[in-house]
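# An overview of the molecular structure
In case you want the letters, here they are:
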Amino acid sequence: MLNQKKLIVSHAPFWHDGSSITVRSYHTMLAALPAALFGIFTYGMPALGVVSLSISFAIIWELLINKVTQRTVSIGDGNAALIGLLFAMLLPATSPWWMVATGTFVAVVIGKHIYGGIGGNPFNPVLIGVAILMVAWKDYFDFNEALVNYDLRFAMVYPLAAAKHLGTSGIEAFSTAGLLLGQHSGGIGATFGLGLILGGIYLIIRGFIRWEISVSFLAGVFVTALLFHMSDPSLYAGPVFHLLTGYTLIGAFFLATEDSSSPVNFIPMLIYGAGAGVMTVLIRNIGTYVDGVVFAILLMNLINPICDKIRPKALGKVV
Amino acid sequence: MTPKRELQIAYSLIIVFLFVGFISYAAFPAKTPDEPIRLMYKTVAGKVLFDHKIHLSDSGYGLACQDCHHHPEEPEELEEALVACGECHKVLEEGKTFPDSCLDCHEAEDLEDSEVMKKSDAFHSQCESCHQEVDAGPEEERCSWCHVM
């Protein structure tokens, strides 16, 4: 009994199973691709310009900050490119180039490298970039105004703005199937519901993101929106509408799940996800902003360290 | 993948996307259509989104151009009337009774006692009176149907 082996660690060489940050970054980009491509087809060359510029600028900023701070060049891990892609997916297709440049700078440098680079950031870098732009240049983020010259096959009014200002009567033009198929205006890569859901499922199956966060986020949105809707059906849109509009889906699968700013244990993940979902609908329905996803997730990023204090008790531990 | 290969990929991403991005921005600058689709007015009372296309298209409210583009009533060419309201309805400089744009078609002495309301009054008056007539759409008491934040 005494010399029973408990744990065996062999000596090197070890076998690397091939998973790395690089693989993870590029697979996440792959998962986001259907939604991003859909946006590019919908909004045309301007959208392609925003996406392309955003990806290249994000990598360039990371390269520059690597050089300036004299650290090893980290652009090979693909994380900067991923930040660039996700950032562009949240923007209106008409974003001017200087806004893309500043936004990616804020995301990569202030959102990530100030904290020491990947893994050190307390907030989601993409959302830091978007949040600062939303505050600084509000009008460019007003999708009704930004997309005023677009005439596509569907009602072009921004669904969340219509719901906020006109109540349920303003959103009759939007059907669930239409929303899933991207028949509504919004961020370049944020409108194709089906594509985002498929991308999210892929990431969950591959283990790149935690389903607990995505599912609890969506549940938080659903339940809160349902309660509002039941309290006054003419004023507040229904839960499915909230799930499929604005940044909800891209938030659930690509933003809230960013790993260094989200918790790792089961209960904390549920609290974090559900909290962000509830906040999202609260901001949408009673806050001043039309969409709440950005600030809701950032807020939960803020309390993420406290969430992670809730740990499972070690088995058999008293006290 | 070796770190060297990864770096190569990142550098090529920079080059390719910078190029594509640059071309897209340079070759396809944002342009406003000749005939507006939707118009966004920014006012002190909140933004107003006016859906020009829905108002005039047959699948929308099917209005005639001249219901709104009202002056001159019988233009030789329709285009003459299809100008921005603000060309004629504007706050006048000191000592003038009509804007210079009238002189394209009228002699100054013909216009001595004419009165043209300022732009926001013109909008309120025209938009609201029509909505009242057809008893649909936003009107006086429903400021917030037009003016949203």
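As the structure is a prediction and not an experimental result, all values here were calculated from the model.

## Re the nonpolar core
Residue and element names in this part refer to chain A. Met 89, Tyr 247, Ile 250, Phe 254 and Ile 297 are the most contacted members of the largest nonpolar core, which totals 98 residues. Broken down by element, the residue count for this core peaks at 10 residues, all from helix H3 (residues 79-90). Not counting residues up to four positions away in its chain, the partners in contact with Ile 250 are Met 89, Leu 90, Gly 189, Ala 190, Leu 196 and Leu 255.

## Description of the sheet that holds strand S1 (residues 39-41) of chain B
Backbone-to-backbone hydrogen bonds pair the strands of a sheet. The strands run either parallel or antiparallel. The 3 strands are arranged S1-S2-S3 (chain B) in an open sheet whose pairing can be described as antiparallel. Each edge of the open sheet carries a strand with a single partner, namely S1 and strand S3 (147-148) of chain B.

## A look at the confidence of the model for chain B
In regions of low pLDDT, the predicted coordinates are not meant to be interpreted in detail. All names here are of chain B. Taken as a whole, chain B shows an average pLDDT of 85; of its residues, 95% reach a score of 70 or greater. Mean pLDDT across the elements of chain B ranges from a minimum in helix H4 (residues 78-81), with 78, to a maximum in helix H1 (residues 3-27), with 94. Complex prediction metrics read pTM 0.90 and ipTM 0.86.

## Some points on unusual backbone geometry
Backbone torsion omega between His 71 of chain B and Pro 72 of chain B reads -5°, so that peptide bond is classified as cis. Considering the arrangement of structural elements, one finds Pro 72 of chain B in the loop between helix H3 (65-68) and H4. Non-glycine residue Gln 70 of chain A carries a positive phi angle of around 55°. By relative accessible area, which is 72% here, Gln 70 of chain A ends up exposed.

## Some details on the interface of chain A and chain B
Taken together, the contact pairs 34 residues of chain A with 30 residues of chain B. Between chain A and chain B the total buried area reaches about 2,700 Å² when both faces are included, carbon and sulfur atoms providing 68% of it. In this structure, the connection of chain A to chain B is made through 6 salt bridges. In this structure, the salt-bridge partner of Lys 53 of chain B is Asp 151 of chain A, at a minimum N-O distance of 2.5 Å. Taken together, chain A and chain B are joined by 10 residue pairs in polar contact (both at pLDDT 80 or more). Contributions of two or more residues to the side of chain A that touches chain B are made by helix H1 (21-43), helix H2 (45-68), helix H4 (97-110), helix H6 (143-146) and helix H7 (159-166) of chain A. No other element matches H2 of chain A, which puts 11 residues into the side of chain A that touches chain B. Its residues assigned to classes, the side of chain A that touches chain B shows 21 nonpolar, 9 polar and 4 charged.

## What about the side chain of Arg 284 of chain A?
Residues and elements named next belong to chain A. As for its placement among the helices and strands, Arg 284 is situated in helix H13 (residues 266-286). Among the residues examined, Arg 284 registers a relative accessible area of 2% and is labelled buried. Apart from residues no more than four positions distant in its own chain, Arg 284 is found in contact with Leu 160, Lys 164, His 242, Thr 245, Gly 246, Tyr 247, Thr 248, Tyr 289, Val 290, Asp 291, Gly 292 and Val 293.

## Some thoughts on the side chain of Asn 301 of chain A
With respect to the secondary-structure elements, Asn 301 of chain A resides in helix H14 (residues 293-307). If near-sequence neighbours (up to four positions away) are discounted, Asn 301 of chain A is found in contact with Pro 122, Phe 123, Asn 124, Ser 261 and Tyr 272 of chain A.

## Let's talk about the pattern of salt bridges
In the structure shown here, the tally under the stated rule is 10 salt bridges over all chains. We note a salt bridge from Asp 139 of chain A to Lys 47 of chain B, for which the minimum N-O separation is 3.0 Å. One end of the pair, Asp 139 of chain A, is in the loop between helix H5 (125-136) and H6; the other, Lys 47 of chain B, is in strand S2 (residues 47-50), on a second chain.

## Considering the packing of aromatic side chains
Residues and elements named next belong to chain A. In total, this model carries 10 aromatic pairs over all chains according to the counting rule given. On the basis of an interplanar angle of 90° and a centroid distance of 5.5 Å, the ring pair of Trp 98 and Tyr 140 is categorised as edge-to-face. With Trp 98 in helix H4 and Tyr 140 in the loop between H5 and H6, this pair connects stretches of sequence that are 42 residues apart. Among the residues examined, Trp 98 registers a relative accessible area of 29% and is labelled partly exposed.

## A few points about H1 of chain A
All names here are of chain A. Taking 1.5 Å per residue as the helical rise, H1 with its 23 residues ought to reach 33 Å, and the 31 Å between its terminal C-alpha atoms agrees with that figure. The sharpest bend along H1 reaches about 45° and sits at Leu 33, with the proline Pro 34 one to four residues further on. At the C-terminal side of H1, Gly 44 shows a positive phi close to 75°.

## Brief notes about a negative patch on the surface
Judged by side-chain charge, Glu 107, Glu 109, Asp 110, Glu 112 and Asp 113 of chain B come together as a negatively charged surface patch. Owing to a relative accessible area of 71%, Asp 113 of chain B belongs among the exposed residues under this scheme.

## Focus on the environment of Val 106 of chain A
All names here are of chain A. Tracing the backbone shows Val 106 in helix H4. C-alpha of Val 106 to C-alpha of Leu 133: the two residues are 27 residues apart in sequence and 9.1 Å apart in space. The contact partners of Val 106, leaving out residues within four places of it in the chain, are Gly 111, Ile 128, Gly 129 and Ile 132.

## A few points about the domain arrangement of chain A
Accessible area lost when the parts come together is the quantity often used to give the size of an interface. All names here are of chain A. Per the domain assignment, the segments making up chain A are domain 1 (21-140) and domain 2 (155-307). Domain 1 and domain 2 are separated by 21 Å when their C-alpha centres are compared. Across the contact, 38 residues belong to domain 1 and 33 residues belong to domain 2. Where domain 1 abuts domain 2, roughly 2,900 Å² becomes buried across the two surfaces, and 70% of that area is made up of carbon and sulfur atoms. Counting across the domain 1 and domain 2 interface gives 1 salt bridge. Across the pair Arg 24 and Asp 259 runs a salt bridge whose closest N-O atoms are separated by 3.1 Å.

So, how was this worked out
Residues numbered from 1 in each chain as written. Chains lettered and ligands numbered in written order. Predicted model: local features only at pLDDT ≥ 70, side-chain atom pairs only at ≥ 80, totals over all residues. Heavy atoms only, no water. Core = buried A, V, L, I, M, F, W, Y, C linked by side-chain atoms within 4.5 Å. Buried < 20%, exposed > 50% of the residue type's maximum accessible area, 1.4 Å probe, protein only. Helix = DSSP H or I, 4+ residues; strand = E, 2+ residues; numbered from the N terminus. Contact = heavy atoms within 4.5 Å. Pairing = 2+ DSSP bridges. pLDDT = per-residue confidence, 0-100. Buried area = accessible area lost by both parts, 1.4 Å probe. Salt bridge = Lys/Arg side-chain N within 4 Å of Asp/Glu carboxyl O. Polar contact = N/O pair within 3.5 Å; in protein donor to acceptor, adjacent residues only side chain to side chain. Nonpolar A, V, L, I, M, F, W, Y, C, P; charged D, E, K, R; others polar. Phe/Tyr/Trp six-rings, centres within 6.5 Å; stacked < 30°, edge-to-face > 60°. Expected span 1.5 Å × (residues − 1). Bend = angle between axes of the 7 residues up to and from the residue. Patch = residues over 30% accessible without salt bridge, like charges linked within 9 Å, V, L, I, M, F, W, Y side chains within 5 Å. Areas by Shrake-Rupley, 256 points an atom, 1.4 Å probe, with all protein chains shown as cover. Lys, Arg positive; Asp, Glu negative; His and termini not counted. Charge placed at Lys NZ, Arg CZ, Asp CG, Glu CD. Domains from an automatic or database assignment.

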